[in-house]
Structures are given as C-alpha cells and as structure tokens.
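Residue strings, one per chain:
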Amino acid sequence: MANSTIYRKDYLPFDFDILRVHLCFDIHPEKTYVTNTMNIRSKHSSDTAHGLKLNIQDITIDKVFLNQKELHPHEYQLSEQFLEIPNCQGDFELTVQSHCHPRTNSTLMGLYESNQSLFTQCEAEGFRRITAYPDRPDVLSSFTVTIRGDKQRYPYMLSNGNLIVSRDLADGRHECVWEDPFKKPCYLFALVAGDFDVREEKYRIKSGKEVLLQVYSDKGNYDKTAWAMQSLIHAIEWDETRFNLELDLDRFMVVAVNDFNMGAMENKGLNIFNAAYALADPETATDASYADIEAVIGHEYFHNWTGNRVTCRDWFQLSLKEGLTVFRDQEFSADMMSKGLDEETAKSARAVKRIDDVSVLRTAQFAEDKGPMAHPIRPDSYEEIGNFYTVTVYEKGAEIIRMQHTLLGEAGFQKGMNIYFQRHDEQAVTCDDFVDAMDTVYREQHPGKSLERFKNWYSQAGTPTVHVRTEYDDKAQTLTLHLKQTCPPVGLETKRENWVKQPFHIPLSMGILNEQGQEILPTQVLQLTEAEQTFTFDQIASRPILSLLRDFSAPIIINYPQQTQAEKVLLALHDTNAFARYEAKHQLAAQEIIRLSQAPDSEVSPDLIHIWESNLLNPSFDANYRFVLLSLPSETGLYTMVKQIDPIAIHQAHQKTIRTLGERLKTHWQTLLANHLPTASYQPDFISAGRRALCSKALQHLMAIKDPHAIEQAIYIHEHANNMTDAFNTLALISEYGPQEVKERLLAAFYQKWKDNPLVLNKWFSLVARHADQTRIRELINDPLFTMRNPNRVRAVMGSFCTANPIAFHQSGGQGYQFWADCVVALDSINPEVAARMARIMDQWKHYVQADRMKQSLQYVQQHTHSSNVQEIVNKALNI
Ligand code: TRP
Ligand code: ZN
C-alpha cells in the first residue's frame, strides 16, 4: 500500500472542544483496560451536526457510551484508524472503553512494558494507541487520570500533575488519581507504573513556593540519579534567572527507562528519560554522558514553557518548540560550562560548546539538507511524522532561533519572548506567531525594517552558500566586500515547478585583522538580505585579513576563493575570536585530509604541523579549548565537503595525518601526556573533563605511531582507572592501536565486568562494532545479550558499525550494506520508528563511490519492509 502524504496547507481546526477528559486505567501487563470519558462541545451551531472522528491505532474498542447510554455498534463507525460518531451537536459526554497489550507492544509508542514496569510515549501520535481521541496537538483539555493496579507489582503509579487520591482496593490492588492543573494536548500525557528507587529534593522557586522534585529509576540505581537531580535544579534556576520563567507545578517528576526510542520526553510534570540520559556515576558514565544528561534534563525541563505552556498548532510547526528548546538547552550548557571562570576562559568555554554544536550541525544537518530527506525547518508535507524529528527541525531550528537572538541582542530577544508568552500562553500556535513576536521588537529597534524576509528560513530548505569577493584599495584605504548568496533547490523542492527560491536574511558576523595578526576591526554583524550586496569599510590602513562568520552567526557555507593558505594560517594562530580561530585551523585540516585522500602518496603540509605545534606549546588556553584545537575534523565531518565520498580513502588519510602529527611532534605529545595523567579523584566538571580529553588525545597520536611507552601507559591507565572516561578512552585506543592479544583480553574482561549494566554494555557493543569485520558483526548480533528490542543496543551495534567502521561497512562486495539491510528488515516489524532512523544511514548513497551497491541494498529494503516509516525513507532515497 502506498503511503499517503499530509500537507501543511490542508490544516483545518478541529470541530469540537474536549472540555475535560477522565481516563481510568485498569493496568495489567498483558491487557490493560482504559475507560475514557470526555466532555465535549461542538464548535458549530446546533443546526449543523458534524461527525466526531477520533484516532485509534492497534487498540480494541469494547464499548461506546453517548451521554451514559451505550451505543450499538451500528451507531458508530469503526475502521483501523478511526472511531467515528456521526451527528454530534451541542454539549455531550462520550465514554469509550477499550483495551491494549503493553507487554507485546515492541514499538515503544503508546503504553508498553520495560523491565516489569509500564511506561507511555505519546508524542507524536502515540496517544491513539492508548485510547480513541483527537490525537492532534491543537486540541487542549483538562486531564484527570485514575490508575488501578497491583500494589506489589506497581507500588508507584504516576501521571501528570498532582496526586489527589491514593487508596487501597480489594485483591491487593490500589488506586491513584492524578489531576493536571493545566490544559494540554494528549501528546503530553504520561503514565508510569512500577517499583522504583526515588530521589527527592525540595526546591523553593523564585516567587517563594516550595516544590517537590523527584527522580525515579529502576531499583538499585539510586546513587546514579544524583547528577540528574543536580542538573534539574540547575535547569530550574537557570530558567528563572536567564528567561524569567518559573516552574508552574507543585511537583516535577523525572523517570528513567531502559527501552526508549529517543532521548527523553517532556510530558507535563512527568518527564520520561532514556536511562542513557538520566543515570550516571563516575564508575559507569563518561564525561560525555555527564554533559549529555545535563543538556537533556535541561532540554525537557525547558519544554515546560517552550512546548507545553505554548504548544504547536500542528506537527509541521514542530520546530516552534524543538528549535527554540534546543537553543535554550545549548545556552544553558554554555552558561553552565562558563560559570565561575575568568572572562577569557569563560569565552573559550562558550566557544567549545559552540564548536561542538556547529560540528553536529555541519556533519549531520548539512548532509540531511542536501539529501533525499531535505526539508525546511517547517516542512510542507510528510508521510510519517515520526520521520521528521530531524537534525533540521532540531539543530537547524536552533540556529534559526540563534540568528534571531543575534539580530535582537539578549535584551531584545528576552523582550520578544515576553511578548510571545503574553500573546500565546496556553495556546497551540505556529512558527509565524513566534517570529511575529520577535518582529515586534525588531521593528521597534529598526524602524522601517522587519523580519519578513527572515521567515524564508522557515519555508526553504538547503544550506545557503555566501560567495565572498574583496577589493582592497591601499591608496584610498578602503575595503570593498561583495557578497552573493546562492541556495539551489533540494529534496522535494527540486520537484516544484514555477517556483523561485528567495534570498535569506543572513546575519554575518565578522572582524578584520592586519598582516601582523592584530585586530583592526572588532566584531560586527552585517545584514545580508539581498541576493547580492556590497559593503565598504574605510580607514583600513593596511592589507586586511578577513575573519568571517565569527561564532558561526548563520548556518551557511562561506565560499571565499581569494583567501590564501597563508591567511588561513594567520587566522588559525591569531584570530581574536575563539570560534573563528578554531574554524581556520579546522578548514585547513579538512582541506589537507581531503587532499591526502586523493593523493595518498603525498605528505602532510608543514603549515598544519606548524599550527599543531604552536597549539601544543601554548598553555594559555584552557584544556577543553586546547583539546578542540588539537582535534582533527572527524571523518564523517569531511563527507559533506567532497563531491564524491570515498570513506576508506578518507579513513586512511585521516589515520596518516594522526600518525604524521604523532611522529613530527612526538616529544610535545609526550609532555602533554605527562602533564595530563589521571588524578586521584574524579570530578565530572568541564575543566577536569578537558584534561582527560587531552590525555587521551596525546595517547592517540603516540599509540598511532606504536610508541611502546604510550601503549603501556594506556594499559596501565585502563587497569587502574577510577572512572569510566579514562577506562573507556584507553580501551578504545587499545582496540584501535594496541597489540591484538591485549585488546582481546581487555575487551573480554570489560564484558565480564559490566554484563549486568546495560548502559556500560552498550559502550562495549559499540566499541566492538566499530572494529568488527563481517564475521564479528554477525556474531555480535547473535550475542546472548544483544536484542533488537532495545533501541540503545541497536544503535550501539548498527549505528557504530554503519557509521563509524568505514573499513568493514564500505568493504567492496557490499556485505556491510547487506548487514544493514538485514537489520532494517528485522527491525521493521519490531520497532518501525527505530527502523526508519537506521534506514536513513543510506540517505547519502548517491554521493558515495559505491553508489550502485548501496542502491541495491536500498531496493532490497524497499521490497522487504512494510512500515510506512521505513517506506517513506527508502522511497524518498530512491526517487530523488
Ligand atoms: N519531544 C521529545 C524531545 O525533543 C522527543 C520525542 C519526540 C520523542 N517523539 C518521541 C521521544 C518519541 C521518544 C519517542 O525532547
Ligand atoms: Zn525537545
């Protein structure tokens, strides 16, 4: 069956208001009964009766009552997707009794079982798997939830809002009643039932009220929830101080679950988290996990205002809440990273966060934006909404918010946020409504101007290129800067007729240095709003060196062919903007690796070695910033920069660069290592994390050239580590560069030690997959501890093998691609959302040297899968 397409232009408001809803759950793991009573009012006058169409999916409707009178089955219509009651008018009460099967629900959408407990996931369209309801974000209602279940099995039974009744029933069952004080769309509904460890904290919000914070985790994990609780408290404080937004509930709960499709979910007052983004202690979590937990806890908490209090009118507006909330979590992390540091260090700490975020954007989003799934941050159509929780909607969406912040300044942006909440609190709105609030401020600031053209960022896909040409007149001491923007149609845009893409409003941040590396023009933001524009700068006394796109002020590509290698080196050594200094060396290194991949016999340029040497010798930067300066671009980061991707050639060139830098700067790496050996106690803070990262960077370059002392040190650090970061970094390096028998022994020991900890075991699976050959990868999915039902484990094995093991995955002959295809087919019938995500690994097939083989495996998946999720992905990949 062909998928059907939903269009943004077809939006119509719902014909009814759901005034109140009372859900009553009788929970059993095999079969849960749901009674749903809704007080409904038709929006139309009483003479025009409308049918009431409610969504359903994979549930069984048992009985329907209209105003407490049971309806005969011929009085309603039931199909696979809808329950429809004809001729509804005025005010009425509708009760639907249904049941579902949590234990056999492997989709992890709707109500499902995980480790003996029950959880829900309703965004985007999971509520219809729980009960018949208008499952769309613009229908807001007041929810009361009654849960009845076995008290021993489910001592905790949670839902949104406040607990208003808790009492025992007959037969060892008990009952809890929850009432949510805020109206909400059904995608924010949640229910959790099980036995947990609970960490509690009281928090006094700014206005004085005391609220209860709770973090729930599987029994035995109490100690691992301290960091999540601390992050939650930091997030609440941060939203109070930076955005003047307070928690609006008496009680805020966070629950960790092992089986989860994504990172976490912002259900009102009851956030549910993938355990990977909630549980941490020094022994089991890496520095990266600590940082991720802080960011995701922040993200979900910030949704309470940007997403929940003001929500989306329809799913095309997803970036309204996601782009804005990612921007907020990025700022939260940056503020946390730079808190308490002196001004210079704080700047480089913020730059490190920006560099990380930009790297995700350029690696994943730039690729998406030129592939078959390219879409504007506010898409115009979709087949399966689950496929549009993308890096474009999230990360590019955050860039579009960040540009508005850049244009308005912090104070102006906060003023715009105020207007947004004043206008739209407790409403379901559109992206235009958000920009209009910001535009109100922009027009005040810039009379006669507006953000109208800026809105093109919401309607057009693709990464714009800004072509730069300069003329310097040394007599007149003027610099003329010619800018031209281009952005050819991508994705579905290529199929649109009679349509011309419009220019974007691009804030372009820049500064100017002289040839001695001194800044002669401090940072300023140019407004590029036309297809072509010229800017002139006077009193430029000597030949200018341009530092463009400081702090990555817009999600674009700069094309500046006049810029020489020498200018880039100068910027890499002297740019006063920490991001731009990183960027210059990043571009140089990227060019260099790409060149080596095409000319494998040539040598690494002395310029690159010189920059690395100077950064190795410069102790004035903090450890994290030094770490990013000493890191080469990732291999996948280079994929969007080449016409045709040859992953194996890039891998070899990358390794060669690592070795050359190792050989040529050996004593500097040794000094760096000696100065950054593990310390006696572990702290997850940013500065200590940077020191650990530098230690492993030094080890990498030394181990790559088989330095025996470094190999011994890595083994020693691994065996004596008091934290997972050191233990795992060294294990990864030994797996890549260490002697075979040591590698086998340490990997086996790690597996034995951690086989009962699913999160640590995922690290093992992912590491083995990264270095597996065809035989080993097939063994891995037959390991007794591998399961297709746990998305984290699937991502650890498939994700790593297909995206971080170029040698085996892209091996000529296509066995790697067939492995991918077999996995997607197997997953398709278990968990279509996760299967579709894995299917996207092949999106860029056209750009690879082995395009033909990749296409064959896509066709195989097209023929052997059934879910609309996977079908949308592979059809788009093959049809564009
Ligand atoms: N709204 C969630 C977030 O960004 C993510 C989310 C969307 C999700 N759909 C999901 C999570 C499905 C799990 C499953 O924080
Ligand atoms: Zn989100």
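All of these numbers come straight from a predicted model, not from anything done at the bench. (Residues numbered from 1 in each chain as written. Chains lettered and ligands numbered in written order. Predicted model: local features only at pLDDT ≥ 70, side-chain atom pairs only at ≥ 80, totals over all residues. Heavy atoms only, no water.)

### A look at the side chain of T392
Here is step 1 of the chain: Here T392 is to be found in helix α5 (residues 391–424).
Here is step 2 of the chain: In this structure the side chain of T392 is engaged in a polar contact, spanning 3.0 Å, whose partner is the side chain of Q365.
Here is step 3 of the chain: With near-sequence residues (within four places) excluded, T392 lies in contact with Q365, E368, H375, P376, I377 and G397. (Helix = DSSP H or I, 4+ residues; strand = E, 2+ residues; numbered from the N terminus. Polar contact = N/O pair within 3.5 Å; in protein donor to acceptor, adjacent residues only side chain to side chain. Contact = heavy atoms within 4.5 Å.)

### Let's talk about the domain arrangement of the chain
Where the parts come together, the accessible area they lose is often given as the size of the interface.
Here is step 1 of the chain: Each domain of the chain was delimited in the assignment, giving domain 1 (17–194), domain 2 (315–458) and domain 3 (465–563).
Here is step 2 of the chain: Each of domain 1 and domain 2 has a C-alpha centre, and these two points are 34 Å apart.
Here is step 3 of the chain: Listed by partner, the interface residues are 9 residues for domain 1 and 9 residues for domain 2.
Here is step 4 of the chain: Of all residues in domain 1, E123, A124 and P137 give up the largest surface area on contact with domain 2, accounting jointly for 49% of the area buried on that side.
Here is step 5 of the chain: Summed over the shared surface of domain 1 and domain 2, the result is 1 salt bridge.
Here is step 6 of the chain: A salt bridge links K321 to E123; the shortest N-O distance between them is 2.8 Å.
Here is step 7 of the chain: When the residues that make up the side of domain 1 that touches domain 2 are grouped by side-chain class, the tally is 5 nonpolar, no polar and 4 charged. (Domains from an automatic or database assignment. Buried area = accessible area lost by both parts, 1.4 Å probe. Salt bridge = Lys/Arg side-chain N within 4 Å of Asp/Glu carboxyl O. Nonpolar A, V, L, I, M, F, W, Y, C, P; charged D, E, K, R; others polar.)

### As for unusual backbone geometry
Here is step 1 of the chain: Of the consecutive residues E123 and A124, the connecting peptide bond is found in the cis state with omega at -5°.
Here is step 2 of the chain: Looking at the secondary structure, you find A124 in the loop between β11 (117–121) and β12 (142–150).
Here is step 3 of the chain: With a phi angle near 55°, Q477 is a residue other than glycine that sits in the positive phi range.
Here is step 4 of the chain: In this fold, Q477 is placed in the loop between β25 (465–473) and β26 (478–486).
Here is step 5 of the chain: A positive phi is found at N498, a non-glycine position, where the angle reads about 50°.
Here is step 6 of the chain: Structurally, the position occupied by N498 is in the loop between β26 and β27 (506–513).

### A look at the side chain of R251
Here is step 1 of the chain: For R251, the position within the fold is in strand β19 (residues 251–257).
Here is step 2 of the chain: No salt bridge is formed by the buried R251, whose closest oppositely charged neighbour, E200, lies at an N-O distance of 6.1 Å.
Here is step 3 of the chain: Within the structure, R251 has its side chain in polar contact with the side chain of Q214 (distance 3.0 Å).
Here is step 4 of the chain: Apart from the residues within four sequence positions on either side, R251 is in contact with G161, N162, L163, W178, L212, Q214, Y216 and G269. (Buried < 20%, exposed > 50% of the residue type's maximum accessible area, 1.4 Å probe, protein only. Lys, Arg positive; Asp, Glu negative; His and termini not counted.)

### Observations regarding the site of ligand 1
Here is step 1 of the chain: Every one of the 15 residues lining ligand 1 counts as a neighbour, but E123, E266, E300, E322 and Y394 are closest to it.
Here is step 2 of the chain: Contact distances for ligand 1 include 3.1 Å between an oxygen atom and a side-chain N or O atom of E322.
Here is step 3 of the chain: Out of a free accessible area of 370 Å², ligand 1 has 97% covered by protein chains.
Here is step 4 of the chain: Those elements that provide at least two residues to the shell around ligand 1 are β20 (264–265), α2 (287–302) and α3 (318–338).
Here is step 5 of the chain: Classifying every residue of the shell around ligand 1 gives 6 nonpolar, 4 polar and 5 charged. (Near = heavy atom within 4 Å. Areas by Shrake-Rupley, 256 points an atom, 1.4 Å probe, with all protein chains shown as cover.)

### Comments concerning the coordination of the zinc ion (ligand 2)
Ideal geometry at a metal centre: 109.5 degrees between donors when four sit tetrahedrally, and 90 or 180 degrees when six sit octahedrally.
Here is step 1 of the chain: Donor atoms from the polypeptide that coordinate the zinc ion (ligand 2) comprise H299 (NE2), H303 (NE2), E322 (OE) and E322 (OE), at 1.9 to 2.7 Å from the metal.
Here is step 2 of the chain: Counting the intervening residues between successive donors of the zinc ion (ligand 2) yields the motif H-x3-H-x18-E. Here E322 lies in helix α3 and H303 lies in the loop between α2 and β22 (311–312), a separation of 19 residues in the sequence. For the pair formed by H303 and E322, the shared burial category is buried. (Donors = N, O, S within 2.8 Å, 3.2 Å for Na, K, Ca; no water.)

### Section: the sheet that holds strand β3 (residues 32–42)
Here is step 1 of the chain: The strand order β6-β5-β9-β3-β2-β12-β15-β14 describes an open sheet built from 8 strands, whose pairing is mixed. In this open sheet, the two strands that pair with only one neighbour each are β6 (69–70) and β14 (162–168).
Here is step 2 of the chain: Pairing analysis gives 7 bridges linking strand β2 (residues 16–26) to β12, with the strands arranged parallel. Within β12, the residue paired with D26 across the bridge is R148. (Pairing = 2+ DSSP bridges.)

### Looking at helix α10 (residues 606–617)
Here is step 1 of the chain: For α10, built from 12 residues, the straight-helix expectation of 16 Å at 1.5 Å per residue is met to within 8% by its first-to-last C-alpha distance of 16 Å.
Here is step 2 of the chain: All of the buried residues along α10 are L608, I609, I611, W612, N615 and L616. Along α10, the residues classed as buried sweep out an arc of 160° about the axis, all on the same side. Within α10, the exposed residues directed more than 90 degrees away from the buried face are P606 and L617.
Here is step 3 of the chain: Buried-residue contacts for α10 involve α8 (565–574), α9 (578–598), α11 (623–629), α13 (647–664) and α14 (666–675). (Expected span 1.5 Å × (residues − 1). Arc of directions from axis to C-beta.)

### Concerning α3
Here is step 1 of the chain: The end-to-end C-alpha distance of α3 is 30 Å, a good match for the 30 Å that 21 residues give at a rise of 1.5 Å each.
Here is step 2 of the chain: The element α3 is largely enclosed, with a buried count of 21 among its 21 residues.
Here is step 3 of the chain: A positive backbone phi angle near 80° is found at G340, which sits one or two residues after α3.

### With respect to the packing of aromatic side chains
Here is step 1 of the chain: Per the counting criterion, the structure on display carries 43 aromatic pairs.
Here is step 2 of the chain: With a centroid separation of 6.4 Å and 85° between ring planes, the pair formed by F243 and F413 is classed as edge-to-face. Placement of F243 in the loop between α1 (226–242) and β19 and of F413 in helix α5 is noted, with a sequence separation of 170 residues between them. The pair formed by F243 and F413 is uniform in burial state, with each residue classed as buried.
Here is step 3 of the chain: Pairwise contacts between aromatic rings join W238, F243, F252, Y301, F302, F327, F332 and F413 into one cluster.
Here is step 4 of the chain: Against the face of Y222 rests R199, its NZ or CZ located 4.1 Å from the ring centre. (Phe/Tyr/Trp six-rings, centres within 6.5 Å; stacked < 30°, edge-to-face > 60°. Lys NZ or Arg CZ within 6 Å of the ring centre and 35° of its normal.)

### Details of the sheet that holds strand β21 (residues 270–274)
Here is step 1 of the chain: Ordered by their spatial adjacency, 5 strands build an open sheet running β17-β18-β19-β21-β20, and the pairing between neighbours is mixed. The two strands at the open ends of the sheet, each matched to only one other strand, are β17 (196–204) and β20.
Here is step 2 of the chain: Docked against the sheet, α2 engages β19, β20 and β21, running at close to 150° with respect to β21. (Axes fitted to C-alpha atoms, helices over the stretch in contact; angles between N-to-C directions.)

### Comments concerning the pattern of salt bridges
Here is step 1 of the chain: A complete count under the given rule lists 59 salt bridges for this structure.
Here is step 2 of the chain: When the shortest N-O distance is used, the salt bridge between E583 and R362 registers 2.7 Å. Remark: R362 occurs in helix α4 (residues 343–368) and E583 occurs in helix α9; sequence separation between them is 221 residues.
Here is step 3 of the chain: For E583, a relative accessible area of 13% corresponds to the buried category.

### Section: the UniProt feature "domain: Aminopeptidase N-like N-terminal" (unreviewed entry) in the chain
Here is step 1 of the chain: When the UniProt feature table is mapped onto this chain numbering, "domain: Aminopeptidase N-like N-terminal" (unreviewed entry) sits at residues 23–188.
Here is step 2 of the chain: With 0% helix and 52% strand, residues 23–188 has end C-alpha atoms that lie 14 Å from one another. (UniProt positions renumbered as here; feature names shortened; annotations may be inferred.)

### Regarding the packing of α5 against helix α6 (residues 431–445)
Here is step 1 of the chain: Where α5 meets α6, the closest approach of the two axes is 7 Å, and the angle between their N-to-C directions is 115°. The crossing of α5 and α6 is right-handed.
Here is step 2 of the chain: Class assignment of the residues belonging to the contact of α5 with α6 gives a composition of 13 nonpolar, 6 polar and 5 charged. (Left-handed = near helix turned anticlockwise from the far one by under 90°.)

### Examining the environment of Y682
Here is step 1 of the chain: Looking at where Y682 falls in the secondary structure, it is placed in the loop between α14 and α15 (686–704).
Here is step 2 of the chain: Here the alpha-carbon distance between Y682 and E283, two residues 399 residues apart in the chain, equals 9.4 Å.
Here is step 3 of the chain: Ignoring sequence-local partners within four residues, the contact set of Y682 consists of P282, A285, T286, D287, Y290, R692, N722, N723 and T725.
Here is step 4 of the chain: Of note is the side chain of Y682, whose polar atom sits 2.6 Å from the side chain of D287.

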